[in-house]
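# Chains, contacts and geometry: an overview
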Amino acid sequence: MKVPVLHQTDIFHHHADPDDHWDLACQFALAYTGEIDLKGILIDYPPAADFFGMDCGDPAIAAVAQMNYITGQAVPIGIGTERKAGSDDEALKIAKEKVPGSGLNLLVKTLREAEEPVIIHIVGSCRDVAIAAKAYPELFKRKCGAVYLNAGAGSGDILEYNVALDPYAYSVMFDLPCPLYWMPCFHNAGKMEIGEYGTYYHFQQKKILPYLSEDVQKYFAYALGRVSDQRWLTYLKLPKNDAFLQAHGNLWRNMWCTAGFFHMVGKTVTSEGIITASVSSEIKPVFEFLPIEVECEKNGRTRWRLTDKCTERFIFRVTDINAYENAMTEAMKNLLMKLL
């Protein structure tokens, strides 16, 4: 059966960081190949222009529309709230407002109508998921199969970007009435390096871009080029700009979330970058999830430890630091090449 999935993201156009466009393409590739039923895309409300020095555009509706067109899907979109909850009472107050067309409504409607428990991927702010969880705890308990949380750091005192967006909402994730797969963005807070308990890796875009279909290359060119023409469909019909793609192929892209996409469909990645559902003494994955006991304060500070207990809380771990980056790059390439 297809895994029902809702993808929460801070994907903007013009982008602050286009890693979200790569993540979105991965989710659509899994939907295109029939491994997931992509129920919706919940996009963050853009943060203030001075937040962490980020200058974000509006929610990248065009990116989702392009992927819908390329893959023949009809995945709906919701826009998140701009209001921070800060407390349980404030979360309940925001939920009662029931803004038509909001990301919160999309999330609640998706869970209510789902025949099977839904997997939620968080690759941006936790705000709307936290508000929904506080307002509808029984719904989450019955209909949320798991949450993949791409935020935070395995150690260190600096708040990672996604946590700093809304520390209270981040803390709510660790009390959800469903399994939580925690994917810290960094092993050590603030250090852009591959580490044991961090998902971070980076790749040179020419290792993937030239191998993709023309439509998918133009999808990335539209985002990477910060194209201001709103005719997103017309852009897909234009000849691709080889010089632009070659120039951007030389640039490096920071990534974090890829492993969770494979894990949710029962797959892993070998040190050679092979996507596989089987693990044996000869085939060893480059990542795993380990059970933990974890506490998170409302200010976003976490404390965790490995455990043998059944806590429904798991942490991401790199099992082969030397192979991890190349393996994830190769696996993402193989996945995105399926988008014709």
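First things first, this report covers the structure right here in the doc. (Residues numbered from 1 in each chain as written. Predicted model: local features only at pLDDT ≥ 70, side-chain atom pairs only at ≥ 80, totals over all residues. Heavy atoms only, no water.)

Bringing the side chain of T270 into the picture now. Here T270 is to be found in the loop between β13 (268-269) and β14 (275-276). The class for T270 is buried, based on a relative accessible area of 4%. Apart from the residues within four sequence positions on either side, T270 is in contact with T276, I283, K284, P285, V286 and A327. (Helix = DSSP H or I, 4+ residues; strand = E, 2+ residues; numbered from the N terminus. Buried < 20%, exposed > 50% of the residue type's maximum accessible area, 1.4 Å probe, protein only. Contact = heavy atoms within 4.5 Å.)

Here we come to the sheet that holds strand β5 (residues 77-79). Strands sit in the order β5-β3-β1-β6-β7-β9-β17-β15-β16 across an open sheet of nine strands; the sheet is mixed. Every interior strand has two partners, whereas the edge strands, β5 and β16 (302-306), have only one. Here the average twist between neighbouring strands, direction ignored, is 30 degrees. Relative to strand β9 (residues 180-182), strand β7 (residues 144-149) runs parallel, the two sharing three bridges. Bridged to V147 within β9 is L180. This element, helix α4 (residues 103-113), spans β1 (3-9), β3 (36-43), β5, β6 (118-122) and β7 of the sheet and lies at about 160 degrees to β3. (Pairing = 2+ DSSP bridges. Axes fitted to C-alpha atoms, helices over the stretch in contact; angles between N-to-C directions.)

A few words now on the environment of N162. With respect to the element layout, N162 can be found in helix α7 (residues 161-165). For N162, a relative accessible area of 7% gives the class buried. As a C-alpha pair, N162 and A16 span 146 residues in sequence and 13 Å in three-dimensional space. Those residues in contact with N162 that sit more than four places away from it in its chain are D10, V123, G124, S125, N150, A151 and C185. There is a polar contact of 3.0 Å between the side chain of N162 and the backbone oxygen of N150. (Polar contact = N/O pair within 3.5 Å; in protein donor to acceptor, adjacent residues only side chain to side chain.)

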